[in-house]
Amino acid sequence: MGNACSVSFSCDDTISHCLDCIVSQAGYICNLKDNLAAFIRVLVAEQRQWRRLQQVQGWLSRVQDVEKEVPRLLAEIIGKEEEILGGFCSGNSIERHKYGKRVVESLKNVQSLRKEGDFKDVAQTVPENPVDERPLPPAVVGFQSTLDRVWRCLTEEPVGIVGLHGMGGVGKTTLLTQINNSFLHTSNNFDFVIWEVVSRDLQLEKMQESIAKKIGLCNESWDSKSFLELSRESSGNIQDHEEHEVCVIIVRFISHIIVFLFHQLLDGIWELVDLARLGLPVPSRTSESKVVFTTREFELCGQMDAHKSFKVECLGYEDAWRLFEEKVGRNILDSHPDIPELAETVARECGGLPLALITVGRAMASMKAPREWEHAIDVLRSSASKFSGMEKRVLSRLKFSYDFLPSNETRFCLLYCSLFPEDYSISIEDLIDCWICEGFLDDLLHACLLEEEDDNHVKMHDVVRDMALWIASTTEKQDERYLVLAGVVLTETPRSELWQEVTRMSLMQNKIWRLPESPASPHLLTLFLSSNYISMANEEFFQSMASLRVLKLSHTFLPRHFLLRYLVNLKCLNLEYTHRISKIPGQLISNLKMLEALRMFICGSSKQKSSSVLFGDSFVLVKELLGLKHLNVLTITLRSFAALQRLLASPSLQSILSNTPSLSLTNCPSLSSLSVFTLASLRHLEALDMTSCKDLEEMEIDYAGGGVKRIRETHGFFSLRKVLIGGSKLRHVTWLILAPNLKHIEMYNCGYLEEIISLEKLGEIPSEDMQNLIPFGRLECLRLYGLDKLRSIYPRALPFPHLKELKVDLCPELKKLPFDCTSGLERKLIIKGHEWWWNNLQWDDQATQNAFLPSLKTWYF
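Starting from 1, residues in each chain are numbered consecutively following that chain's sequence as written. Reporting of local features is limited, given that this is a predicted model, to residues whose pLDDT is at least 70; pairs of side-chain atoms are given and counted only at 80 or more, and all residues count toward the totals for whole chains, interfaces and linings. Working from all heavy atoms in the structure, the side-chain values ignore hydrogens and water.

The protein has the name Disease resistance protein in an unreviewed UniProt entry, where Citrus sinensis is given as its organism.

In structure tokens, the structure reads:
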């Protein structure tokens, strides 16, 4: 038998000492947690925009691990007290050694944590990201119940993704807007609320950039990274917020936990949105992040893994009648005793669809004769049977408003609007150019088929657009064939057989990079190619389009040499913002003898040599314009002030130019002075661009001798909305005070500019000439870049009642802003600039500086 060797020692004192230490250290931990809990409560109550530092977070996690280990170890020792402490046999010695070692290790961990727990800083501030309030219609009815249910999902229930589905026009966006605005008035822990519109053309890069701006990621390094890198960085940044929400300091001891919630509102989803690829954490049921989206397709709720889906129903009759009554007006309903009963029938025919109720209600808002209401009922009932499925109830009722338009011409104009992409803000000027007429627009607005926007634009509701496309695609007229592929991310033009019968085609907002050989399209009258990236074009592309009347190429990257020689019947040509194009062959414009509308504002590169055909020699362009006998709409880019004077001197072009909405004077050699009166004679001028006129030193006007009075009496510059001036030697632009409706000013790279409005020149103007003049009274945006000597915007403080954005970069001498403590504070004013610039600003008093501090948005390059 072998010998057994055992080493015995007394560990009773050691165990007892360890237990005492454990108890004391455990008490320390508990006290530490209580102290931290109190700290967190104060933090939540007073500074919800704070975020714990990473090292603090790691320490807290290790504290939690020790806290779990200590009571577990105590329980094991107490449970085996007799076994461990009852004797000194070999087995007991092994157990005592094992537990003694664990106790010593636990003590070391506690002592280490105690030493590491002395933090100088435990948190850092997180930039405040307020909820942006979105506009709501004045009358919103019937959504409160659904609103309450969705709100509970977001704030109380274990739901991460919520889908709102329903037919077009039922009010999904209105409901989502109510949810968004609720965060403004209801206490919540959400730090980010992001509203993102997702159209059928799913552009993840644009969505990602929008989200990145909201969470403060956009910078130079962001712009230089690939999409996948951005996805990882965006996800990592948001995931950092997810990690910071952990704060697991013994949940059972603390009633308030600091959490950072990322709430995303996605509106208008047409297809599956891959949140992970977009760079967002995909919320689970228990996640504090939330995603809410709207869609017309119930199936998409399942594809998006919605944890809960809500169908947005049509309004019940009482709510529907309230909405309809509000749109029609009591004066119409009370104008004849038979109308109320007929009106109730019309309202019922709308099926409770809010968009239909609004559209039909407004269409009937001027109908005082019972026979008009009876006709409305007949129209609604006769068209409903022509539709099937979900869209049937929408389009049939919207078609009522289409049928009720006063003429075939107006109905044609509505169908024409469907050529523009979904959610596109349509310039009224574009519509007028394309229609070559006036007077149709008012009827469409009153019928609520087009929605009026700011700055002379309209928008077509996506459901109304669907209706127009449906009508256009089912028309029996052989001379009306529409093909609309706008905003669907095409990289090539449609295959050639699709062109043969089409009369109107829209390929706007795609990524078409080349134009192949000419497709056979003998019937094509309208072609929209705006907002594409065309780097290659076959010279014969337009050869088989002899019937083409309207061609839109604006905002398109075009080849430097672009041929249009075959378009002899062209009436409307839009080349605005085609920066790359440098050469159009001589006599091409003059050969387009049927042209009625020609738009060439900011057309061609400002860096072209003066020898470039057409663009370099503006006199050649003027000469060609003189041969266009049918021209009545013109926007233009000129590289010579003398060419402008020649245009104004021409009897045939003077009236056209005086009505031009846009003028660009760029790269004008030897232009040292420019008459303000000449520009003021352009009575309908809305946009003025003067760039790279490097010798321009003075804008001539006799301030003291009645020049201001003369311009004001003739309403000069009354229509001017936007001014861009860059690369000149101007020292001031005091004449801008004569533009009472100016909304946007951009000044850049003017190394001699000292003042926007000169104090000296302002003092020369007689006081009576300044009567009722409010400088910058409608200004919304002021951008100043690279103005080395600029020291003043205006000599004294102004109210700036409409200012929304001030952006300043590389203007080191601008040390005072023309603001008082109330300027621009009635709305959200954003001031963008470098932090060093802001810190060097001089203020009249601390109150004014404090008033504008929340408006500052710093950025770096």
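Chemist: Break down the overall build of the protein for me, citing the residues and quoting the values.
Modeler: What the protein contains, in helices and strands, is 30 helices and 29 strands. When accessible area is computed with a 1.4 Å probe and restricted to protein chains, residues below 20% of their type maximum are described as buried, those above 50% as exposed, and intermediate ones as partly exposed. Buried positions account for 51% of the 861 residues belonging to the protein. When the accessible surface of the protein is summed, it comes to about 40400 Å², and 49% of that surface belongs to carbon and sulfur atoms. The numbering of helices and of strands both runs from the N terminus, where a helix is a DSSP run of H or I of at least 4 residues and a strand a run of E of at least 2. The method behind every accessible area is Shrake-Rupley, applied with a 1.4 Å probe, and residues are considered shielded solely by the protein chains displayed.

Chemist: Quick one: what's the story with the packing of helix α18 (residues 408-417) against helix α19 (residues 428-435), residue by residue and with numbers?
Modeler: Close contact between α18 and α19 brings their axes to 11 Å; oriented N to C, the two are set at 120°. Judged on the interaxial angle alone, α19 and α18 are oblique. At the point where α18 passes α19, the crossing takes the right-handed sense. Residues Phe-412, Cys-413, Tyr-416 and Cys-417 of α18 touch α19, and the partners they reach there are Leu-431, Cys-434 and Trp-435. Helix axes use the C-alpha atoms of the stretch in contact, all axes being lines fitted to C-alpha atoms, and the angles between their N-to-C directions lie in the range 0 to 180 degrees. Any angle that falls under 35 degrees is termed roughly parallel, while one over 145 is termed roughly antiparallel, one within 65 to 115 roughly perpendicular, and all others oblique. With the far helix as reference, a near helix turned anticlockwise by less than a right angle produces a left-handed crossing, and one turned clockwise produces a right-handed crossing. Whether two residues are in contact is decided by their heavy atoms, any of which lying within 4.5 Å being enough.

Chemist: So what about the pairing of strand β3 (residues 161-165)? Which residues, and what values?
Modeler: A large share of β3 lies buried, amounting to five of its five residues. A pair of strands is considered paired only if DSSP assigns at least 2 bridges between the two. In the sheet, β3 pairs with strand β6 (residues 290-295) via five bridges, with the strands oriented parallel. What sits directly across from Gly-163, in β6, is Phe-293. Taken together, the four bridges between β3 and strand β7 (residues 308-311) define a ladder with parallel strand orientation. Along β7, the bridge assignment pairs Val-162 with Lys-308.

Chemist: Give me the sheet that holds strand β9 (residues 451-453): which residues, what numbers.
Modeler: Two pairing modes exist for strands in a sheet, parallel and antiparallel, and in both the strands are linked by backbone hydrogen bonds. On the basis of which strands lie adjacent, the open sheet formed by three strands has the order β8-β10-β9 and antiparallel pairing. Bordering the open sheet on either side are β8 (425-427) and β9, each of which pairs with just one other strand. With direction set aside, neighbouring strand axes in the sheet form an average angle of 40°. Strand direction decides the pairing type here: β9 and strand β10 (residues 457-459), joined by three bridges, are antiparallel. Looking across to β10, one finds that Glu-452 is bridged to Val-458. Contacts from α19 reach β8 and β10 within the one sheet, and its direction differs from that of β8 by about 55°.

Chemist: Can you explain the packing of aromatic side chains? Please cite residues and give values.
Modeler: Describing an aromatic ring pair means giving the distance of the ring centres and the angle of the ring planes. When the centres of two rings from Phe, Tyr and Trp lie within 6.5 Å, Trp using its six-membered ring, the rings pair. Their planes under 30 degrees apart give stacked, over 60 give edge-to-face, and anything left gives tilted. All told, the structure shown has 17 aromatic pairs when counted by the stated rule. A centroid spacing of 5.8 Å and a plane angle of 90° characterise the contact between Tyr-577 and Phe-601, whose relative ring orientation is edge-to-face. One end of the pair, Tyr-577, is in the loop between β17 (572-574) and α22 (588-591); the other, Phe-601, is in the loop between β18 (597-599) and α23 (618-625), and 24 residues separate them in sequence. On the accessibility criterion, Tyr-577 (26% relative accessible area) is partly exposed. Between Phe-800 and Phe-819 the ring centres are 5.4 Å apart and the planes differ by 90°, which places this aromatic pair in the edge-to-face class.

Chemist: Can you break down the pairing of strand β28 (residues 830-833) residue by residue, with the values?
Modeler: Burial of the side chains of β28 is restricted to one face: Ile-831 and Gly-833 are buried, whereas none of Ile-830 and Lys-832 on the reverse face is. Strand direction decides the pairing type here: strand β27 (residues 805-809) and β28, joined by three bridges, are parallel. Residue pairing for β28: Glu-805 is matched across the bridge by Ile-830.

Chemist: Could you give an account of the nonpolar core, naming the residues involved and the relevant values?
Modeler: For this analysis, a nonpolar core means a set of buried residues of the types Ala, Val, Leu, Ile, Met, Phe, Trp, Tyr and Cys, connected via side-chain atoms within 4.5 Å. The biggest cluster of nonpolar side chains holds 112 residues, and the ones touching the most others in it are Leu-527, Leu-625, Trp-735 and Leu-784. Setting aside residues no more than four positions away along its own chain, Trp-735 makes contact with Val-676, Leu-688, Met-690, Met-699, Tyr-703, Phe-717, Leu-720 and Ile-725. Counting 49 residues, the second-largest nonpolar core is a separate cluster that includes Leu-147, Val-312, Leu-323 and Ala-376.

Chemist: Explain the side chain of Glu-624 to me, and be specific about the residues and the numbers.
Modeler: Relative to the helices and strands, Glu-624 resides in helix α23. Only four residue types enter the tally: Lys and Arg on the positive side, Asp and Glu on the negative side, with His and both chain ends excluded. Here a salt bridge means any side-chain nitrogen of Lys or Arg lying within 4 Å of a carboxyl oxygen belonging to Asp or Glu. Lys-623 provides the closest opposite charge to the buried, unpaired Glu-624, separated from it by 8.8 Å. The term polar contact refers here to a pair of N or O atoms within 3.5 Å; inside protein, the definition further demands a hydrogen-donor-capable atom paired with an acceptor-capable atom, and it admits residues adjacent in sequence only when both atoms are side-chain atoms. A polar side-chain atom of Glu-624 sits 3.1 Å from the main-chain amide nitrogen of Ile-589. In contact with Glu-624, other than residues within four places in its own chain, are Gly-586, Gln-587, Leu-588, Ile-589 and Ser-590.

Chemist: Report on the side chain of Asn-574, specifying residues and quantitative values.
Modeler: By the secondary structure assignment, Asn-574 is in strand β17. Within the structure, the side chain of Asn-574 is placed 3.4 Å from the side chain of Asp-430, a separation counted as a polar contact. One polar contact links the side chain of Asn-574 to the main-chain amide nitrogen of Glu-576, over a distance of 3.0 Å.

Chemist: Kindly report on the pattern of salt bridges, identifying the contributing residues and their values.
Modeler: Tallied over the entire structure, the rule returns 15 salt bridges. The shortest N-O distance in the salt bridge between Glu-429 and Arg-599 comes to 3.4 Å. Note that Glu-429 is positioned in helix α19 and Arg-599 in strand β18, a separation of 170 residues in sequence. Between Glu-576 and Arg-599 there is a salt bridge, with the nearest N and O atoms lying 3.8 Å from each other. Taken together, the positions of Glu-576 in the loop between β17 and α22 and Arg-599 in strand β18 put the pair 23 residues apart, joining distant regions of the chain. We classify Arg-599 as buried; its relative accessible area is 4%.

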